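Now for the letters of each chain:
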Amino acid sequence: MINQEIKSYFPILNQEINGHPLVYLDSAATSQKPVQVIEALTDYYKLNNANVHRGVHTLGNRATEQYEGAREKVRKFINANSMEEIIFLRGTTTAINLIAQSYGRANVEEGDEIVITYMEHHSNIIPWQQLAKERGAILKYVELEKDGTISMEQVRAAVSERTKIVSMVYVSNVLGTMNPIKEVAQIAHKNGAVMVVDGAQAAPHLKIDVQQLDCDFFAFSGHKMCGPTGIGVLYGKKELLNNMEPVEFGGEMIDFVGLYDSTWKELPWKFEGGTPIIAGAVGLGAAIDFLNEIGLNEIEKHEHQMAAYAMERMNSIEGLEIYGPADPQQRAGIVTFNLNDVHPHDLATVLDMSGIEVRAGHHCAQPLMKWLEVTATARASFYLYNSESDVDSLVEGLRSTKEYFNDGF
């Protein structure tokens, strides 16, 4: 059960901003870190800091055990078949770029299609734009419904026998929309395409089972799920990863290096060139332990409740428009909105004066902003440490902001 005790695990939340208690509502950008993760990082650096896989000394063995132990935790967390399917990278962006540059370059030809949606983060748009330009492929978009969801009819209309890659966000970082990944994957596979999932906003909040989803690739970041920055994961089906070439070369990922040719290590290490993100993996493993102890099902339930309460309270404010699905059960704990003619940057600045931290801007989703016919929005995103009192503070802050700008003009 999610309760206020959870908040006590996050030391950063016990402070004041501009003389007010901190209300952190920007977890979709990055989550805060519990003391368990902070201590795991500290202990690694204090007790076990060494490079992995290379040395035979005690510290090297300890570090390797922690690093590979974190890989096994990730495997269980998303229910992958094998540790060989878990690649540690810098984050979701790096993972999607790896897919595009390795799998995409080898399998996409002139006239082939890549299918995405208007709700994608730039990290799941630009790599495909670049691949399409390079290979002479066609980039296609799945049309959205009026409420920011997708329909299977639109997916079937977009995906054809020429489609080689379908790449889609599991949870929109703007609309909070939860997409039917399993059903989309079935359509992709029926047409001979692979299914790529941007799971950055899903892995922290939903129980993930990549085998049940039957996706071919799944990417996510540690910093959005109580883990450190600079660590992320690419899951890929073993048969696909085995046939892919690395895109980063150097130490650690090699088997044999000659004067004019080299061979690569087996999975997963052929994609992890150089000194890997050891401390980040250790911290991510600790974050997974923390989330598992609370329970992803409980976290998802809590966020649905938070979204429902926030939308109910915010809808009472005249002149405030909320974007995305009206049904809180169709969205994660993200509420994106605009207030009258107040620019989102001004809105966020005034809220910050009261210690309320929300996001403002295009949220790395400019095509979606164009679809919404706005230049920017404000966004409140909730996580396991938020409570209804945080929503109450937000609503009070929005009412004060509205009065502030009405009185000023």
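Residues numbered from 1 in each chain as written. Predicted model: local features only at pLDDT ≥ 70, side-chain atom pairs only at ≥ 80, totals over all residues. Heavy atoms only, no water.

If you check an unreviewed UniProt entry, the protein appears there as Cysteine desulfurase from Planococcus antarcticus DSM 14505. The UniProt entry for the protein carries this comment under Cofactor (unreviewed entry): "pyridoxal 5'-phosphate". What UniProt states about the protein under its Sequence similarities (unreviewed entry) heading is, verbatim, "Belongs to the class-V pyridoxal-phosphate-dependent aminotransferase family. Csd subfamily." (UniProt positions renumbered as here; feature names shortened; annotations may be inferred.)

Student: How should I be thinking about the UniProt feature "domain: Aminotransferase class V" (unreviewed entry) in the protein in this particular structure?
Tutor: With numbering aligned to this structure, UniProt lists the feature "domain: Aminotransferase class V" (unreviewed entry) at residues 23-394. Taken end to end, residues 23-394 is 40% helix and 17% strand, and its two terminal C-alpha atoms sit 8 Å from one another. (Helix = DSSP H or I, 4+ residues; strand = E, 2+ residues; numbered from the N terminus.)

Student: Help me understand the environment of glycine 273, please; the structure alone is not making it clear to me.
Tutor: Structurally, glycine 273 is set in the loop between strand S12 (262-264) and helix H9 (278-294). Residues glycine 273 and aspartate 289, spaced 16 residues apart in sequence, show a C-alpha to C-alpha distance of 27 Å. Ignoring any residue separated from it by four or fewer positions in sequence, one finds glycine 273 in contact with Glu248, Gly251 and Met253. (Contact = heavy atoms within 4.5 Å.)

Student: Where do I start with the sheet that holds strand S8 (residues 194-198) in this structure?
Tutor: In any sheet, the strands associate via hydrogen bonds between backbone groups, in a parallel or an antiparallel arrangement. With mixed pairing, seven strands are arranged side by side in an open sheet as S4-S10-S9-S8-S7-S5-S6. Whereas interior strands pair on both sides, the edge strands pair on one side only; in this sheet they are strand S4 (86-89) and strand S6 (138-142). Taking each pair of neighbouring strands and ignoring which way they run, the sheet shows an average axis angle of 20 degrees. The sheet contact formed by S4 and strand S10 (residues 232-236) spans four bridges and is antiparallel. Of the residues in S10, the one forming a bridge with isoleucine 86 is tyrosine 235. Packed on one face of the sheet, helix H2 (residues 58-78) meets S4, strand S9 (217-221) and S10 and runs near 120 degrees to S4. Contacting S4, strand S7 (163-169), S8, S9 and S10, helix H3 (residues 92-107) crosses the sheet at an angle of about 155 degrees to S9. (Pairing = 2+ DSSP bridges. Axes fitted to C-alpha atoms, helices over the stretch in contact; angles between N-to-C directions.)

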